[in-house]
Amino acid sequence: MPQHPFLWSRADEIAHHERRYRRGELEMKLRRNGFEVLFSSSFTALLLPLMAASRLKPRGKEADADVYEFGLNPAVNQLLLWMLRAEVRLTLAGIRWPAGGSRVVVGRAV
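The shown structure was predicted, so the numbers you read here are calculated from the model rather than taken from an experiment.

Observations concerning the packing of aromatic side chains
Now for step 1: The full count for this structure, using the stated rule, is zero aromatic pairs.
Now for step 2: We note Arg19 situated over the ring of Tyr21; from NZ or CZ to the ring centre the distance is 4.3 Å.

Next comes the structure, spelled out in structure tokens:
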């Protein structure tokens, strides 16, 4: 799920996100509705500084409408993909990220 409401941008609208969650909010909702939280971690943690810079930089409406995040140079896109894959490997190895652009929460009905 998208995380950090302050990162809301046109990119979220294009991705059909309804909202961005605060840390701990999804876990609380799951527990309140009879689920046990099995796993919880931020995701896209390594790219959070770039995401924040991109989303928080003042721009004119025309630049925002194009959402240049979706039109990256292929070489830059490959580098960012490599970073995400490295983050997945580290997460699978047991690292839990305190902050990131998204949140992954797995629950089980009890």
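Here the narrative resumes, following the displayed structure.
Digging into the pattern of salt bridges
Now for step 1: Per the counting criterion, the structure on display carries seven salt bridges.
Now for step 2: The salt bridge involving Lys29 is made with Glu25; its shortest N-O contact spans 3.7 Å. Remark: Glu25 and Lys29 occur in helix 2 (residues 25-32); sequence separation between them is four residues, near one turn of the helix.
Now for step 3: Taking the relative accessible area as the measure of exposure, Lys29 reaches 28% and is therefore partly exposed.
Now for step 4: The exposure class assigned to Glu25 is buried, which follows from its relative accessible area of 14%.
Now for step 5: Across the salt bridge formed by Glu27 and Arg103, the nearest N and O atoms sit 3.0 Å from each other. Here Glu27, found in helix 2, pairs with Arg103, found in strand 2 (residues 102-109); they are 76 residues apart in sequence, far enough to count as distant. Arg103 shares its class with Glu27; the two are buried.

Here we look at the side chain of Arg103
Now for step 1: Overall, the relative accessible area of 8% leaves Arg103 in the buried class.
Now for step 2: A polar side-chain atom of Arg103 sits 2.8 Å from a polar atom in the side chain of Ser40.
Now for step 3: Those residues in contact with Arg103, other than ones at most four positions away along the chain, are Met1, Gln3, Arg23, Glu27, Ser40, Ser41, Ser42, Phe43, Trp97 and Pro98.

Calculation criteria
Residues numbered from 1 in each chain as written. Predicted model: local features only at pLDDT ≥ 70, side-chain atom pairs only at ≥ 80, totals over all residues. Heavy atoms only, no water. Phe/Tyr/Trp six-rings, centres within 6.5 Å; stacked < 30°, edge-to-face > 60°. Lys NZ or Arg CZ within 6 Å of the ring centre and 35° of its normal. Salt bridge = Lys/Arg side-chain N within 4 Å of Asp/Glu carboxyl O. Helix = DSSP H or I, 4+ residues; strand = E, 2+ residues; numbered from the N terminus. Buried < 20%, exposed > 50% of the residue type's maximum accessible area, 1.4 Å probe, protein only. Polar contact = N/O pair within 3.5 Å; in protein donor to acceptor, adjacent residues only side chain to side chain. Contact = heavy atoms within 4.5 Å.

Scope: geometric values only; no functional claims are made or implied.
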